[in-house]
Amino acid sequence: MKQVDLVIGARLDTEVPLVREVAQYIISAGGKRLRPALLLLVSGALGSHHPHRHTLAAVVEFIHTATLLHDDVVDESTLRRGRATANERFGNAPSVLVGDFLYSRAFQMMVDVNDMRVMQVLSDATNVIAEGEVQQLMNMHDTSLDEATYLRVIRSKTAKLFEASARLAPILASADSDIEDACATYGQALGTAFQVIDDVLDYEGSAEVLGKNLGDDLREGKVTLPIICALRSANADQQALIRSAIEEGDASHLDDILNIIRDTGALEAARASAAAEALRAIDAIRRLPVNEYSSALLQLASGLLERRS
């Protein structure tokens, strides 16, 4: 990961000061770096030390960071990772344009790798992520959204880059198709579980621990799994309150809605869905050689179930 950070620092170099300032601001905020770590861990599990692995790990982090910049503008978010979002600090226009810079820089780096399979996986993933973002936008304030549609969106919007990160390692290692598919399944399931837990924490955590404002999803009119599960079990009055809040993007009754979500067992139901995805990831990764890297991948999947931030 130190090598990845060196690549990130080198490839953020630009003659435009504002681009450098905004990009460094959001990347230096930290974060879990899960996607590049996933690529490196799978490479290690396969015994691969391909020289391009650090470059591609930086590429997936750039793509992820670009989506964060654009997401925060679309969602009008003000807090991420415990500090002001880039759009809050620099404005919407610089955030969008620097997001574009990171996308284009990522594609320059892909070209440097000079592997058409790598290009295909990453370009397809980037396109699917964009489709997922648009689909989520279309689903805003729609309380008729069901669990299957919700999962389909997050598998595009969030899990696709996890899947691509895990798939790139066996491609670099020239592994057979069965191993590549197992790695991709692991990444998709892990990414899905990660996003479900993220959505649970929006109603379960605290702003201090999460680094973002509690109830942001409600304010934005996002229908996530805790809301879907609560609507399934709530009484008519409770359903009416939740529907009104989502449709109006009104968080003034957040405390009441939090109580409904807790009382209906919606958080437990959503965590059970995440657990099923984590188990799917664990089952997939057991097909890799047993070593310290594959053990770390197993721990990563099981550890998601305990995630609180």
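Just so you know, these numbers come straight off a predicted model, no measurement behind them.

(A) Structural context of the overall build of the protein chain. Each helix and strand counted, the protein chain has 17 helices and 2 strands in total. For the protein chain, the C-alpha radius of gyration of 19 Å lies close to 19 Å, the compact-globule estimate for 309 residues. Expressed as lengths along the three principal axes of its C-alpha atoms, the size of the protein chain is roughly 60 × 45 × 30 Å. Sorting the 309 residues of the protein chain into buried and exposed places 54% on the buried side. Of the contacts made within the protein chain by residues no fewer than 6 positions apart, 77% connect residues no fewer than 24 positions apart.

(B) Quick look at the packing of aromatic side chains. Here the structure, examined in full by the defined rule, presents 2 aromatic pairs. Ring geometry for F162 against F194: centres 5.6 Å apart, planes inclined by 40°, an arrangement best described as tilted. Of this pair, F162 sits in helix α9 (residues 159–172) while F194 sits in helix α10 (residues 177–204), and the two are 32 residues apart along the sequence. Sitting over the face of the ring of Y25, R83 holds its NZ or CZ atom 3.9 Å from the ring centroid.

(C) Local environment of the nonpolar core. One finds Y186 and I227 to be the most contacted residues of the largest nonpolar core, which totals 53 residues. Residue contributions to this core peak at 12 residues, all from α10. Once residues lying within four places of it in the same chain are set aside, the contact partners of Y186 are L38, A281, A284, I285, L297, L300 and A301. The next biggest cluster of nonpolar side chains, apart from the first, holds 42 residues, and it includes Y25, I63, V121 and A125.

(D) Just empty space enclosed by the protein, in detail. Applying the stated criterion across every chain, the model contains 1 cavity of 30 Å³ or more. The calculated volume of the largest cavity comes to roughly 70 Å³. Surrounding the largest cavity, Y25, I26, A29, D72, R80, R81, R83, A84, T85 and A86 form its lining. Elements that contribute at least two residues to the lining of the largest cavity include exactly α2 (17–27) and β2 (83–84). By residue class, the composition of the lining of the largest cavity is 5 nonpolar, 1 polar and 4 charged.

(E) Here's a closer look at helix α7 (residues 116–139). In this model, α7 (24 residues) spans 34 Å end to end at C-alpha, consistent with the 34 Å of a helix rising 1.5 Å per residue. Buried within α7 we find V118, V121, L122, A125, T126, I129, G132, E133, Q136 and N139. Taken together, the buried residues of α7 touch α4 (53–75), α6 (92–113), α8 (147–157) and α9. N-capping of α7 is provided by D115, with a side-chain oxygen placed 2.9 Å from the backbone N of R117. Positive phi shows up at H141, right after α7, with a value of about 65°.

What counts, and at which threshold
- Residues numbered from 1 in each chain as written.
- Predicted model: local features only at pLDDT ≥ 70, side-chain atom pairs only at ≥ 80, totals over all residues.
- Heavy atoms only, no water.
- Helix = DSSP H or I, 4+ residues; strand = E, 2+ residues; numbered from the N terminus.
- Rg over C-alpha atoms; globule rule 2.2 N^0.38 Å.
- Buried < 20%, exposed > 50% of the residue type's maximum accessible area, 1.4 Å probe, protein only.
- Contact = heavy atoms within 4.5 Å.
- Phe/Tyr/Trp six-rings, centres within 6.5 Å; stacked < 30°, edge-to-face > 60°.
- Lys NZ or Arg CZ within 6 Å of the ring centre and 35° of its normal.
- Core = buried A, V, L, I, M, F, W, Y, C linked by side-chain atoms within 4.5 Å.
- 1 Å grid on protein atoms, 1.4 Å probe; cavity = no way out; pocket = protein on both sides within 12 Å on 5 of 7 lines; lining within 4 Å.
- Points joined across faces, edges and corners; volume = space filled by probe spheres on them.
- Nonpolar A, V, L, I, M, F, W, Y, C, P; charged D, E, K, R; others polar.
- Expected span 1.5 Å × (residues − 1).
- Polar contact = N/O pair within 3.5 Å; in protein donor to acceptor, adjacent residues only side chain to side chain.

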